[in-house]
Amino acid sequence: MLGKTGVSRAENRYFRGKNMKKGTGFLTLFGGAVALCALLAAPVSMRAQGTETIEDGVYIGNIYVGGMTEEEAVSAVEAYVESADSAEMTLKTGDKSVSVTAADLGISFSNLNVVDEAIDVGRSGNLIKRYKDKKDLQQGDKVIALSLDVDSDAVASILSEKAAQLNQEAVDNGLVRENGAFKIIKGEQGIEVNVEDSIAAIENYISSEWDGGNAEIELVAEVVEPRGSEEDLEQITDMMGSYTTNYKDSGQNRCDNISNATSKINGTLLYPGEEFSVYEAIGPLDAANGYELAGAYENGQTVESYGGGVCQVSTTLYNAVILAELEITQRSNHSMIVSYVKPSMDAAIAGDYKDLRFVNNQDIPIYIEGYTEGKNVTFKIYGHDTRPSNRVVTYESEVVSEQDPGTQYVATGDPAGYMKTAQGKHIGYVARLWKVVTVDGVEESREIFNKSTYKASPKIVNVGTASADPNVSAVIGAALATGDEATINAAVAPYAASAAAILNPAPVEQPSQEEQAITGTVDESQITGGE
């Protein structure tokens, strides 16, 4: 209790000036050092040490405080506050819901003088007001609103964090191509929380309906229609671009990789303004995603890598896309030239730094069909082609310059006379691709579409120099120093046969069982056949 000097109600009213937001519960005390009861009961000495009681029939919110002293009312409100802070609030949209606490919503009291108001009923104001309070109590209960507010930022954060649990994604209308014809697959509506309206709904419930206990609050949600109306999908009838490449010389692993990646792109429906990433569609390039080890370029070298061959898939798709005149947003050429398209017509895939990306710049969706057949991979782009039929788009590859890296001979510890090509030669090129538009067979425009630079990579030949005769090693070493192909071949040729005999010795003929028996290497009782 307070000393004789006391504290004025204006200086220390219940809840006055104190923040009671999320993170500190409903109540934040002075430095955490003052007990709540002491803080709330500070004015008691002004009323004869708390002997005055609140008039019967008075409520603070849904807390009955009639007949209580100020200190008892403070304790009742305190208990309510503590229990309300941990109340479970279930936020619902349809059949989905999430649970949070009242504290998570940042609920706070906006009326900080409720106990004072309860004590003042029938006691404060002029004679007429006090008389009116008494008459009101005789006719019914007096409820002093325990006004509550919500931290709208905290609620918005929660709704954002819980979106995946509250929203139901719409399933877009789909399209499949079967036996040369398109078939529409019906989608499903989705549900999405309207954050702004839901904040208002929560605020309204907390301020006018909540009793401080566990509660369910229905959020405001909107129906999300699936993309791709039947009207739009029915317009997808025209083949806007098609391209095929061949991989007849590829090993089985590379063939499998091409087929796998193509199947992951086939059937893609790309909506207006939507961007497509080849890497995101076919990745990750690992065994778990169905890929095998096959040859691929890495830092100017040919290496075995999971997914080797998928660049031919992206290259084939690239050429179909540019013929359809969709918008290319990312394309990279290979580090070295490839054989299945002309220079500057390729599109490499490498990790997340080399990707083929393009945007549907049409007014309706486009459909991508991809398939492999007879070691050919084909992509076709379907949509609603509004381009004039007499307008034709083609692309022309031009080599601006080239660099022959020659042959590099590398001395090895193999026997003298050994020679083997470790890496084939790759000519270096600077190239560009021209987009040519003709109308009625007459060239209307010609513009550079892209530019590419390909590294030169020498043919590498390993040459053995090991010999018991140091003179032989010296002769071959001197020839290698010249770098001249004819000189090196002449120096190595005399020892080629002996190197082959060392590296590939002739198989030793095994003696017959009869011969082994004669020499005592086998039990005669094991010989079968004959006498």
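An unreviewed UniProt entry lists the protein under the name G5 domain-containing protein, with Roseburia hominis as the source organism.

All right, on to the pattern of salt bridges then. Throughout the structure, instances matching the rule amount to 17 salt bridges. Residue E369 is joined to R177 by a salt bridge in which the shortest nitrogen-to-oxygen separation is 3.5 Å. Highlighted residues: E369 in strand β20 (residues 366-373) and R177 in strand β8 (residues 174-178), separated in sequence by 192 residues. For R177, a relative accessible area of 23% puts it in the partly exposed group. D355 is the salt-bridge partner of R357, the closest N and O atoms lying 3.4 Å from each other. Note on accessibility: R357 and D355 belong to one class, buried. Sharing partners across several salt bridges, the network here consists of E325, D385, R387, R391 and K435.

Reading across the sheet, the 4 strands line up as β13-β21-β20-β14 and stay open at both edges, with antiparallel pairing between neighbours. On the outer flanks of this sheet lie β13 (238-246) and β14 (268-270), each paired with one strand and no other. For this sheet, the mean angle separating the axes of adjacent strands, direction not counted, is 20 degrees. Where β13 meets strand β21 (residues 376-383), 8 bridges bridge the pair, whose relative direction is antiparallel. Across the sheet, the residue bridging to T245 is V377, located in β21. Where helix α9 (residues 252-265) meets the sheet, its contacts fall on β14, β20 and β21, and the angle it forms with β20 comes to roughly 160 degrees. Where helix α11 (residues 310-324) meets the sheet, its contacts fall on β13, β20 and β21, and the angle it forms with β13 comes to roughly 150 degrees.

Let us now look at a negative patch on the surface. A contiguous patch of negative charge, built from E169, E192, E196, D197 and E222, is present on the exposed surface. Judged by relative accessible area, which is 67%, E169 ranks as exposed.

The next point concerns the pairing of strand β26 (residues 442-454). Relative to β26, strand β25 (residues 428-439) runs antiparallel, the two being bridged by 11 bridges. Looking across to β26, one finds that R432 is bridged to K451. Hairpin connection of β25 to β26: 2 residues between the antiparallel strands, including D440 at a positive phi of 55 degrees.

Looking now at the environment of G190. The topology assignment puts G190 in strand β10 (residues 190-193). Separated by 36 residues in the primary sequence, G190 and P226 have C-alpha atoms spaced 7.3 Å apart. Not counting residues up to four positions away in its chain, the partners in contact with G190 are Q168, E169, A170, E222, V223 and V224.

A word on the packing of helix α12 (residues 470-482) against helix α13 (residues 485-492). Two elements in contact, α12 and α13, have axes whose closest approach is 8 Å; the angle formed by their N-to-C orientations is 170 degrees. Classified by the angle between their axes, α12 and α13 sit roughly antiparallel to one another. Listed contacts from α13 to V475, I476, A479, L480 and T482 of α12 are T487, I488, A491 and V492.

Once that is clear, we can look at the environment of Y291. By secondary structure assignment, the location of Y291 is in the loop between α10 (278-282) and β16 (293-298). Each C-alpha atom of the pair Y291 and I258 lies 9.1 Å from the other, and the pair is 33 residues apart in sequence. If sequence neighbours within four positions are ignored, Y291 has contacts with N257, N260, A261, K264, I282, P284, L285, D286, Y306, G307 and V310. Within the local environment of Y291, its side chain forms a polar contact with the backbone oxygen of I282, the two atoms lying 2.8 Å apart.

The rules we used
- Residues numbered from 1 in each chain as written.
- Predicted model: local features only at pLDDT ≥ 70, side-chain atom pairs only at ≥ 80, totals over all residues.
- Heavy atoms only, no water.
- Salt bridge = Lys/Arg side-chain N within 4 Å of Asp/Glu carboxyl O.
- Helix = DSSP H or I, 4+ residues; strand = E, 2+ residues; numbered from the N terminus.
- Buried < 20%, exposed > 50% of the residue type's maximum accessible area, 1.4 Å probe, protein only.
- Pairing = 2+ DSSP bridges.
- Axes fitted to C-alpha atoms, helices over the stretch in contact; angles between N-to-C directions.
- Contact = heavy atoms within 4.5 Å.
- Patch = residues over 30% accessible without salt bridge, like charges linked within 9 Å, V, L, I, M, F, W, Y side chains within 5 Å.
- Areas by Shrake-Rupley, 256 points an atom, 1.4 Å probe, with all protein chains shown as cover.
- Lys, Arg positive; Asp, Glu negative; His and termini not counted.
- Charge placed at Lys NZ, Arg CZ, Asp CG, Glu CD.
- Parallel < 35°, antiparallel > 145°, perpendicular 65-115°, else oblique.
- Polar contact = N/O pair within 3.5 Å; in protein donor to acceptor, adjacent residues only side chain to side chain.

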